[in-house]
Amino acid sequence: MDIRITTGARRGERPADEALGFGALFSEHLFAMDYSVEAGWHDARVEPRGDFRLDPAAAVFHYGQAMFEGCKAFRGVDGRVRLFRPDLHARRMVAGAPRLCMQAPSEAQMLSALRALVQVDVDWVPGAEGTSLYLRPTLIATEPFLGVRPSRQYRYFIIASPAGSYFGGAGLTPVRIWVERRDVRAPRGGLGATKAAANYVASLASSVKAQREGYDQVLWLDGQHHEYVEEVGTMNVCFVIGGALVTPSLSDSILAGVTRDSVLTLARERGLKVEERPVSLSELVSAHRGGHLTEVFGTGTAAVITPVGELALGEERLVIGDGAPGPLARAFSEDICAMQRGLKPDRFGWLVEVA
Ligand SMILES: *Cc1c(COP(=O)(O)O)cnc(C)c1O
């Protein structure tokens with residue numbers, strides 16, 4: 001794929017690594033390319049970051065044909081810059097696009113695009129522990145047409161944001177989780193297995209409600225029985241029950257997380273028993289009563305591992321492991337972060353050097 005590169009004058013220095021937050025600050029360039037039925041994917045470019053001009057009738061504004069990815073570039077202690085499992089992120093967008101009737105670039109095109117943008121904005125990859133360049137590949141429908149059918153024009157773009165530690169605090173800070181027993185993030189047969197923007201808007205009201213009640217995020221249950229655990233916030237969820245690592249089996253209402261896959265791989269490597277199966281609320285309550293539910297944590301690119309210190313089930317409060325991060329959550333977090341920073345060998349071939 002030919003990528004036209006136009007660099008702009010530097011707009012200034014990026015903040016010190018210690019001052020980085022999440023998602024509010026962006027690097028100087030973006031990658032974009034466009035699709036039409038006649039030309040296919042064309043006009044691949046890296047250019048100075050700026051506003052898009054889109055027709056107000058563009059399909060993305062009306063019928064929600066929009067999906068995204070989130071992956072990271074890390075600066076290793078050796079100064080080299082590497083992407084973490086970018087192939088899985090690209091494959092997930094390729095796999096999800098047909099459910100939204102969208103055209104996606106190929107996996108190879110997405111990988112070239114990531115590489116090109118990171119190379120141009122390489123100075124924006126921070127190096128301190130816990131920092132990264134967060135990359136946001138996004139696919140939107142751009143055809144100006146109000147008829148209800150799949151758009152015939154798309155734009156794929158990537159923006160980049162230097163990121164500190166996701167939750168602001170240092171290290172692993174346990175979160176308090178409110179169990180959502182009424183609203184649903186994604187029903188069976190819906191969009192839940194894709195990173196559709198629509199899944200995020202479906203989740204906002206519950207998350208606002210949970211925060212008003214003093215919780216950080218929501219535990220999502222299945223849409224039919226409101227009994228089986230699906231995900232936590234915008235993360236996959238893992239439980240340690242009687243020493244085994246238990247996580248809900250994937251379905252069309254659960255996103256197949258890259259971090260979930262990494263954690264399951266590390267758990268198997270350690271010889272832990274790994275169970276991918278339905279997990280009910282009643283199982284969790286009785287395992288907690290019996291003292292067998294020793295850890296709960298979320299997995300996702302943004303924070304890697306997020307320990308859950310408390311689950312609020314109506315009036316009942318399940319405090320997990322005295323509210324402190326558990327040993328497995330700590331071990332998985334340390335192991336993945338050490339590989340990402342090049343402090344430990346990349347023993348699974350998860351890192352792709354780009355600069
Ligand atoms: C992005 C996302 C995750 C985490 O996936 P990773 O690939 O590990 O970042 C989990 N659940 C949902 C709903 C998500 O959107």
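Engineer: For the overall build of the protein chain, give the residues involved together with the corresponding values.
Structural biologist: Secondary structure summary: the protein chain contains 7 helices and 18 strands in total. Relative to the compact-globule value of 20 Å for 355 residues, the protein chain shows a C-alpha radius of gyration of 21 Å, a close match. Along the first, second and third principal axes, the C-alpha set of the protein chain runs to 60 × 50 × 35 Å. Among the 355 residues that make up the protein chain, the fraction classed as buried is 50%. Look at the contacts in the protein chain between residues 6 or more apart in sequence, and 70% of them connect residues 24 or more apart. Accessible surface, the protein chain as shown: approximately 15,600 Å² in total, 52% of it carbon and sulfur. Here the protein chain contributes 39 positively and 42 negatively charged side chains, and the mean placements of these two sets differ by 1 Å.

Engineer: Summarise unusual backbone geometry; cite the residues concerned and give the values.
Structural biologist: Backbone geometry places aspartate 43, a non-glycine residue, at a positive phi of 60°. Inspection of the secondary structure assignment puts aspartate 43 in strand E3 (residues 40-48). The backbone of arginine 85 sits at a positive phi, close to 50°, despite the residue not being glycine. Summarising the element assignment, arginine 85 is placed in the loop between strand E6 (81-84) and helix H2 (86-96).

Engineer: Run through the domain arrangement of the protein chain, naming residues and quoting values.
Structural biologist: Looking at the protein chain, the domain boundaries give domain 1 (4-164) and domain 2 (175-338). Taking only C-alpha atoms, the centre of domain 1 and the centre of domain 2 are 27 Å apart. With 16 residues of domain 1 in contact, the opposing surface of domain 2 contributes 17 residues. For the pair domain 1 and domain 2, the summed buried surface comes to about 1,400 Å²; carbon and sulfur atoms form 64% of the total. Of all residues in domain 1, Phe68, Arg92 and Arg99 give up the largest surface area on contact with domain 2, accounting jointly for 40% of the area buried on that side. On the surface where domain 1 and domain 2 come into contact, there are 1 salt bridge. Note that aspartate 261 and arginine 85 form a salt bridge whose closest N and O atoms lie 2.9 Å from each other. Between domain 1 and domain 2 we count 9 residue pairs in polar contact (both at pLDDT 80 or more) in total. The leading source of residues in the side of domain 1 that touches domain 2 is H2, at 4 residues. The class makeup of the residues in the side of domain 1 that touches domain 2 is 8 nonpolar, 3 polar and 5 charged.

Engineer: Now, about the site of the ligand: what can you tell me, with residues and values included?
Structural biologist: Around the ligand sit 15 residues in total, of which Lys195, Tyr200, Glu231, Thr259 and Thr301 are the nearest. Within the side chain of lysine 195, an N or O atom sits 2.7 Å from an oxygen atom of the ligand. In the complex, 96% of the free accessible area of the ligand, which totals 390 Å², lies under the protein chains. For the shell around the ligand, a count of residues per class yields 4 nonpolar, 7 polar and 4 charged.

Engineer: How would you explain the nonpolar core if you had to name every residue and give the values?
Structural biologist: Soluble globular proteins: nonpolar side chains tend toward being buried together. The biggest cluster of nonpolar side chains holds 35 residues, and the ones touching the most others in it are Phe31, Val118, Leu135, Leu139, Tyr156 and Ile158. Elements that contribute at least two residues to this core include exactly strand E2 (29-36), E3, strand E5 (71-75), E6, H2, helix H3 (107-120), strand E7 (132-141) and strand E8 (153-163). Here this core gets 6 residues from one element, more than from any other, and that element is H3. Apart from the residues lying within four places of it in its own chain, the contact partners of phenylalanine 31 are Met1, Ile3, Ala44, Arg45, Val46, Ala113, Leu117, Tyr156, Phe157 and Ile158. The next biggest cluster of nonpolar side chains, apart from the first, holds 25 residues, and it includes Val285, Ala287, Val308 and Leu313.

Engineer: Quick one: what's the story with the packing of aromatic side chains, residue by residue and with numbers?
Structural biologist: A full pass over the atoms with the stated rule returns 9 aromatic pairs. An angle of 65° between the planes, with centres 5.1 Å apart, marks the rings of phenylalanine 22 and tyrosine 134 as edge-to-face. Of this pair, phenylalanine 22 sits in the loop between strand E1 (4-5) and E2 while tyrosine 134 sits in strand E7, and the two are 112 residues apart along the sequence. With a centroid separation of 4.7 Å and 25° between ring planes, the pair formed by phenylalanine 348 and tryptophan 350 is classed as stacked. Tryptophan 350 gets classed as buried once you look at its relative accessible area, which sits at 5%. Ring pairing ties together the aromatic residues Tyr35, Trp41 and Tyr154, which thus form one cluster. A cation sits over an aromatic face here: arginine 155 above phenylalanine 52, 4.7 Å from the ring centre. Residue placement shows arginine 176 over the ring face of tyrosine 215; its charged tip is 4.5 Å from the ring centre.

What counts as what
Residues numbered from 1 in each chain as written. Predicted model: local features only at pLDDT ≥ 70, side-chain atom pairs only at ≥ 80, totals over all residues. Heavy atoms only, no water. Helix = DSSP H or I, 4+ residues; strand = E, 2+ residues; numbered from the N terminus. Rg over C-alpha atoms; globule rule 2.2 N^0.38 Å. Buried < 20%, exposed > 50% of the residue type's maximum accessible area, 1.4 Å probe, protein only. Contact = heavy atoms within 4.5 Å. Areas by Shrake-Rupley, 256 points an atom, 1.4 Å probe, with all protein chains shown as cover. Lys, Arg positive; Asp, Glu negative; His and termini not counted. Charge placed at Lys NZ, Arg CZ, Asp CG, Glu CD. Domains from an automatic or database assignment. Buried area = accessible area lost by both parts, 1.4 Å probe. Salt bridge = Lys/Arg side-chain N within 4 Å of Asp/Glu carboxyl O. Polar contact = N/O pair within 3.5 Å; in protein donor to acceptor, adjacent residues only side chain to side chain. Nonpolar A, V, L, I, M, F, W, Y, C, P; charged D, E, K, R; others polar. Near = heavy atom within 4 Å. Core = buried A, V, L, I, M, F, W, Y, C linked by side-chain atoms within 4.5 Å. Phe/Tyr/Trp six-rings, centres within 6.5 Å; stacked < 30°, edge-to-face > 60°. Lys NZ or Arg CZ within 6 Å of the ring centre and 35° of its normal.

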